[in-house]
Amino acid sequence: MKYNILSKGDSKSNALMYKMKNHMNDFNMIEDKESPDIVISVGGDGTLLQAFHQYSHMLGDVSFVGVHTGHLGFYADWLPHEVEKLIIEINNSTYQVIEYPLLEVIIRYKKGGYETRYLALNEATIKTDNGATLVVDLVLRGEQFERFRGDGLCVSTPSGSTAYNKALGGALIHPSLEAMQIAEIASINNRVFRTVGSPLVLPKHHVCHIHPVNHDTLQVTIDHVNVKHKNIESIQYRVANEKVRFARFRPFPFWKRVHDSFISNEE
């Protein structure tokens, strides 16, 4: 079994990472940063997002596991005192692989010739680069749907529906559904300007295009990555063909995670 461990970088996470490496060496497991079979993030959901983007070029070959050193996360579900049990499970068990949908984002530029492609595990957002009102045309399946005016738009995956999307009033979607969700960020609605005003949940075979109207330079986020893009002609969103793979050694139901994160009073 080839593995790699990525740490959040704080003292607690680093100490746990070195402890895990020592245990893995006792099992003759091989540390391989280039082509691991399993990637373990130690920290929180943000650390696992970083691990995902580091290995997004080999999603079909790698599975992810999260150990959290802070609060319980949606992706990081193992506790520090459980790492010895986790290592034994990794070494001895045939683990179950759970696949979650991803979001594909393709940015196309004016004058053509090239494009930029991203994969998002949680969500992608667009805003203007200077804080001005964003004005874009929203096109669904090749048909003009609306002209949006507001602070921005957030397009999320089902697993990412519990993150920024939830804060925007979006629905929580089970990751077994191959879908994406578009949520408005402070839209302008009055007698003159209109948007649908509700999140849109689109199935896998639907494609969304965003065409800038007043700005061709936009601030684009892909999960934790924040990049300014200039001369944008359009941005395409759809459910990606690729999926992220999580190694599961015990049940960790999605709705229990929702309950434990947002409802439960237990520490």
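The shown structure was predicted, so the numbers you read here are calculated from the model rather than taken from an experiment.

Rules behind the numbers
Residues numbered from 1 in each chain as written. Predicted model: local features only at pLDDT ≥ 70, side-chain atom pairs only at ≥ 80, totals over all residues. Heavy atoms only, no water. Helix = DSSP H or I, 4+ residues; strand = E, 2+ residues; numbered from the N terminus. Rg over C-alpha atoms; globule rule 2.2 N^0.38 Å. Buried < 20%, exposed > 50% of the residue type's maximum accessible area, 1.4 Å probe, protein only. Contact = heavy atoms within 4.5 Å. Areas by Shrake-Rupley, 256 points an atom, 1.4 Å probe, with all protein chains shown as cover. UniProt positions renumbered as here; feature names shortened; annotations may be inferred. Phe/Tyr/Trp six-rings, centres within 6.5 Å; stacked < 30°, edge-to-face > 60°. Core = buried A, V, L, I, M, F, W, Y, C linked by side-chain atoms within 4.5 Å. Disulfide = S-S within 2.5 Å. Pairing = 2+ DSSP bridges.

1. Details of the overall build of the chain
The number of helices and strands found in the chain is 5 helices and 16 strands. The C-alpha atoms of the chain give a radius of gyration of 20 Å, which matches the 18 Å a tight globule of 267 residues would have. The burial tally for the chain puts 50% of its 267 residues in the buried class. Relative to all contacts within the chain whose residues are 6 or more apart in sequence, the contacts with residues 24 or more apart total 70%. Carbon and sulfur atoms make up 48% of the accessible area of the chain, which totals about 12,700 Å².

2. A few points about the UniProt feature "active site" (unreviewed entry) in the chain
Here, the residues flagged by UniProt with the feature "active site" (unreviewed entry) are D45. Within the fold, D45 resides in helix α2 (residues 45-54). Here D45 is in contact with G73, F74, Y75 and A76, once residues within four sequence places are set aside.

3. Some remarks on the packing of aromatic side chains
Under the defined criterion, the tally for this structure stands at 8 aromatic pairs. Between F74 and F262, the aromatic rings sit 5.8 Å apart at their centres with planes inclined by 40°, giving tilted as the arrangement. Of this pair, F74 sits in the loop between β4 (63-68) and β5 (76-78) while F262 sits in helix α5 (residues 254-262); the two residues are 188 residues apart in sequence, bridging distant segments of the chain. Residue F74 is classed as buried on the basis of its relative accessible area of 8%. For F262, a relative accessible area of 38% puts it in the partly exposed group.

4. Regarding the UniProt feature "binding site: NAD(+)" (unreviewed entry) in the chain
Per the UniProt record, the feature "binding site: NAD(+)" (unreviewed entry) sits at D45, G46, N122, E123, R149, D151 and A186. The largest pairwise C-alpha distance within this set of annotated residues, which runs over 142 residues, is 31.3 Å, so the set is dispersed in three dimensions. By secondary structure assignment, the location of N122 is in the loop between β7 (115-120) and β8 (123-128). Mapped onto the elements of the fold, D151 is located in strand β10 (residues 143-156). Sequence-distant contacts of D151, defined by excluding residues within four places in its chain, comprise I126, K127, L134, I185 and A186.

5. Considering unusual backbone geometry
Positive phi, normally seen in glycine, also occurs at N28, with a value near 60°. Along the polypeptide, N28 turns up in the loop between α1 (11-26) and β2 (30-31). The exposed category is assigned to N28, whose relative accessible area is 67%. Although it is not a glycine, A186 adopts a positive phi angle of roughly 50°. Locating A186 in the fold gives a position in strand β11 (residues 179-187).

6. Focus on the nonpolar core
Counting 28 residues, the largest nonpolar core has V105, I182, C208, I210, I235 and Y237 as its most contacted members. With residues near it in sequence (within four places) discarded, V105 still touches T116, R117, Y118, A124, I222, I235, Q236 and Y237. If you look at the next biggest cluster of nonpolar residues, it comprises 20 residues, including L16, M17, I87 and Y95.

7. Observations regarding the environment of Y95
Along the chain, the position of Y95 falls in the loop between α3 (83-92) and β6 (96-109). A C-alpha to C-alpha distance of 22 Å links Y95 and S7, two positions 88 residues apart in sequence. Ignoring sequence-local partners within four residues, the contact set of Y95 consists of M1, D37, S63, A247, R248 and F249.

8. Quick look at the side chain of H68
Tracing the backbone shows H68 in strand β4. Among all residues touching H68, those that are not within four sequence positions of it are G43, G73, A76, D77, W78, L79 and P80.

9. Some thoughts on the state of the cysteines
Scanning all chains against the criterion turns up 0 disulfides. Sulfur of C154: no disulfide; nearest cysteine sulfur belongs to C208 and is 12 Å away.

10. Quick look at the pairing of β6
Looking at chain direction, β6 and strand β16 (residues 232-248) are connected through 13 bridges and run antiparallel. Bridge pairing in β16 links I98 to F246. As defined by bridge partners, β6 adjoins β7 across 6 bridges and the pair is classed as antiparallel. Looking at β7, one finds that V105 is bridged to Y118. The hairpin formed by β6 and β7 contains 5 residues between the paired strands, and K111 there has a positive phi angle of roughly 75°.

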